[in-house]
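Here is how the chains run, residue by residue.
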Amino acid sequence: MLNGTEDEEKWLAEGIAGIQHNAFYMHRALDSNNLREALKYSAQMLSELRTSKLSPHKYYELYMRAFDELKRLELFFKDDSKHGVSVVDLYELVQHAGNILPRLYLLCTVGSIYIKSKEAPAKEVLKDLVEMCRGVQHPIRGLFLRSYLAQISRDKLPDIGSEYEGDADTVMDAVDFVLQNFTEMNKLWVRMQHQGPGGVREKREKERSELQDLVGKNLHVLSQIEGVDLEMYKETVLPRVLEQVVNCKDDLAQYYLMDCIIQVFPDEYHLQTLETLLGACPQLQPTVDVKTVLSRLMDRLSNYAASSTDVLPEFLQVEAFSKLSNAIGKVIEAQLDMPAVGAITLYVSLLTFTLRVHPDRLDHVDQVLGACVKKLSNIPKLEDSRAMKQVVALLSAPLEKYNDIVTALTLSNYPRVMDHLDIGTNKLMAMVIIQSIMKNNSCISTADKVEVLFELIKGLIKDIDGADVDELDEEDFKEEQNSVARLIHMLYNDEPEEMLKIICIVRKHTMVGGPKRLPFTVSSLVFSALRAANGCDIEHVAYEFFTQAFLLYEEEIADSKAQVTAIHLIIGTLQRMNVFGVENRDTLTHKATGYSARLLKKADQCRAVYACSHLFWVDDQDGIKDGERVLLCLKRALRIANAAQQMANVARGSGGPVSLFVEILNKYIYFFEKGNKQITSSAIQGLIELINTEMQSDSTNPDSVADAFLASTLRYIQFQKQKGGVMGEKFESIKL
């Protein structure tokens, strides 16, 4: 026993065999110019299309076999010298074929030739054909028959400029023909849903989907008619098409045809008929996916607006934003069961539209965000991941458009939308905001904007109710907090009072972050405050910061590694300060160098001491340039490095690594280049010789890293010598 698929393959094979068999005898009749026999076998061949056993997909295969044979038959009909019958008589003759389906296929074929002959007006023949085709009411057979009619007539419509152009109403005749064929096809297509038992609805809908393009091709033909200008489209074409769409009351047909209208007709037409097109949306069946239809319309109009600035006045003229916004509101109100993701998707499309068409209208942007807030307020908790994704898209759109978070901070509804995100997505959006600031190097310079900003990113700077801090990935947590720390450095105002307000706001928000977050954020806040004190020339405030830092270093930091990190932070910060007078600066630099020399490990002492050399040489226009004290620091570092080498020799019986000497050599070269007259080429030469001697010593442990470091340093010196000019002359006396 055959299953359904095998049955269908068998019926298709039998149908194709029938077409081939009758086509063979039809060809013989054509070759012998026997019209009667040709009509007989062509009718029998076309009778195979009467089958009701095939799915649309398989029926299409059968139809295409017959279509190919009809083209051969059409060539025969064109040449009346072969069959000896005029086209008018032939048109009458084929109407006597026995069965209606073959009769109408033959009638359409001869009708195509009849129009070409111009022995009758094209509009009369087309009207006759489209009326005659009503004789086939079986949905699949009727759809393919009318598809054939559309195919053979599309180049014979009485259009403007066409060879078949008739009187003044010629374009209207073409439009009437296509619209009538479209209407009848749509009725047949809709009728398919009522065929067969109710249990196979899903299969039936799949079959209908396979046939939708047959109906849609009529709209494509309409869009190609030259005479259909904006006025005719507005007054006739669109109203009649929409009337059919609304009245068919079929969700599949309504969705497909609305999408078809949007895709095939010009953008300019959509813009000028926006009210009519949008007015049909609330009249569609509740099950129609109107949100996708509207989203595609807005996307299309957005692209149209982006294509040329010349078209933007048209959008303003027709009040496109207002009409789209109202239509979306009506659709959302009408479809009470529309899921949140559907509504938010509509708002994303509307926001994209207004950002492209009216980027200067921030009130439009805020209006869309406000409408989204209103929709979300009816939902206790947004849990749908797809809806979350759309909300993120909604919030990201202004950032991407303006490349400036400051603009987004002026939108009152922006933070209200963010409040509806779950904890994880809220933090994700906060990271997007920070990344936008970093990418665009945005400076947030007013206290009120900082307040809004920190309200937006609160998910990163404090625990939110319901968040499980223990489950947070450690690496992700560090990345988040480092981002917040970097953000703090982007907040700046030259005015001391405003900057103080900013610092106080940041302090208010960050201090509730808890012990895990404070190590990341407080240091940035302190450095930000120092920069304010330095920039505002408030010496006593800046001095107090360092005093407290040294107290903390002495009393709170016992771990040797932490001490190394802290002293380098102090040195680096002090080096950038230009607010201090001579006395205060000497006091602070003395403390820094003293603490550096008292670190636990000799290597750490050495590195901290040579870092202190930068405290006496600030390479700014008005910076400190005390060459003697730089040299003192470097010599002190060199003595510590020697001591470290001797200690290694005593402890292990061999010398330690010479990397400290190479590091000091690099500092000598740096200050030599900067023009420190206390650092001479002979001093550099002596240090190179010392390093070579140490490395050649039998007691020195091999160190590949130090070897590579030295080789790189020597290559740099050689490069400077070869470069020539003033710098080349300075390095020329150094022998390698």
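Along each chain, numbering runs from 1 in the same order as the chain's sequence is written. Per-residue local features of the predicted model are confined to residues with pLDDT of at least 70, and side-chain atom pairs are confined, for both listing and counting, to 80 or more; whole-chain, interface and lining totals are unaffected and use all residues. Hydrogen atoms and water are omitted, and side-chain values are computed over all heavy atoms in the structure.

Contact pair helix α23 (residues 423–439) / helix α26 (residues 474–488): the axes reach a minimum separation of 10 Å and the direction vectors enclose 40°. Taken together, α23 and α26 sit at an angle that is classed as oblique. The interaxial crossing formed by α23 with α26 has left-handed handedness. The segment α23 lies against α26, with Lys427, Met431, Ile434, Ile437 and Met438 engaging Glu479, Glu480, Ser483, Val484, Arg486 and Leu487. The axes are straight lines fitted to the C-alpha atoms, using for helices just the contacting stretch, and the angles between their N-to-C directions are given from 0 to 180°. Going along the chain from the N terminus, every DSSP run of H or I of four or more residues is numbered as a helix, and every run of E of two or more is numbered as a strand. For classification purposes, angles smaller than 35 degrees are called roughly parallel, those larger than 145 roughly antiparallel, those between 65 and 115 roughly perpendicular, and all remaining angles oblique. Left-handed is the label given to a crossing in which the near helix is rotated counterclockwise from the far helix by less than a right angle, and right-handed is the label when the rotation is clockwise. In this analysis, two residues are considered to be in contact whenever any of their non-hydrogen atoms come within 4.5 Å of each other.

Nonpolar core, defined: a set of buried Ala, Val, Leu, Ile, Met, Phe, Trp, Tyr and Cys residues in which side-chain atoms within 4.5 Å join the residues together. Only protein chains enter the accessibility calculation, which uses a 1.4 Å probe. A residue is then buried if its area is under 20% of the maximum for its type, exposed if over 50%, and partly exposed in between. Core analysis: the biggest nonpolar cluster contains 187 residues, and Ile261, Tyr414 and Leu453 have the highest contact counts within it. For this core, the element with the most residues is helix α18 (residues 340–357), which contributes 12 residues. Per the annotation, domain bounds derive from an automatic or database assignment of domains. Split by domain, this core shows at least three residues from each of two domains, domain 1 (282–406) and domain 2 (422–536). Ile570, Ala592, Val662 and Ile664 belong to the second largest nonpolar core, which has 57 residues in total.

At Asn33, a residue that is not glycine, the phi angle is positive and equals roughly 55°. Locating Asn33 in the fold gives a position in the loop between α1 (4–31) and α2 (35–46). Owing to a relative accessible area of 36%, Asn33 belongs among the partly exposed residues under this scheme. With a phi close to 55°, Glu319 is a non-glycine residue in the positive phi region. Tracing the chain through its elements places Glu319 in the loop between α16 (312–317) and α17 (320–334). Classification of Glu319 as exposed rests on a relative accessible area of 52%.

Quick look at the domain arrangement of the protein now. According to the domain assignment, the protein contains domain 1 (282–406) and domain 2 (422–536). Its C-alpha centre places domain 1 at a distance of 31 Å from the equivalent point of domain 2. At the interface, nine residues of domain 1 touch 13 residues of domain 2. The term buried area means the drop in 1.4 Å probe accessible area that two parts suffer when joined, counted for both and summed. Between domain 1 and domain 2, roughly 960 Å² of surface is buried when both sides are summed, and carbon and sulfur atoms account for 76% of that area. Among the residues domain 1 hides against domain 2, the three largest losses belong to Met388, Ile405 and Val406. Together they make up 50% of the total. Sorting the residues of the side of domain 1 that touches domain 2 by element identifies α20 (385–402) and α21 (405–408) as the ones contributing at least two each. All amino acids are sorted into three groups, where Ala, Val, Leu, Ile, Met, Phe, Trp, Tyr, Cys and Pro are nonpolar, Asp, Glu, Lys and Arg are charged, and the leftover types, Gly among them, are polar. Classifying every residue of the side of domain 1 that touches domain 2 by side-chain character gives six nonpolar, two polar and one charged.

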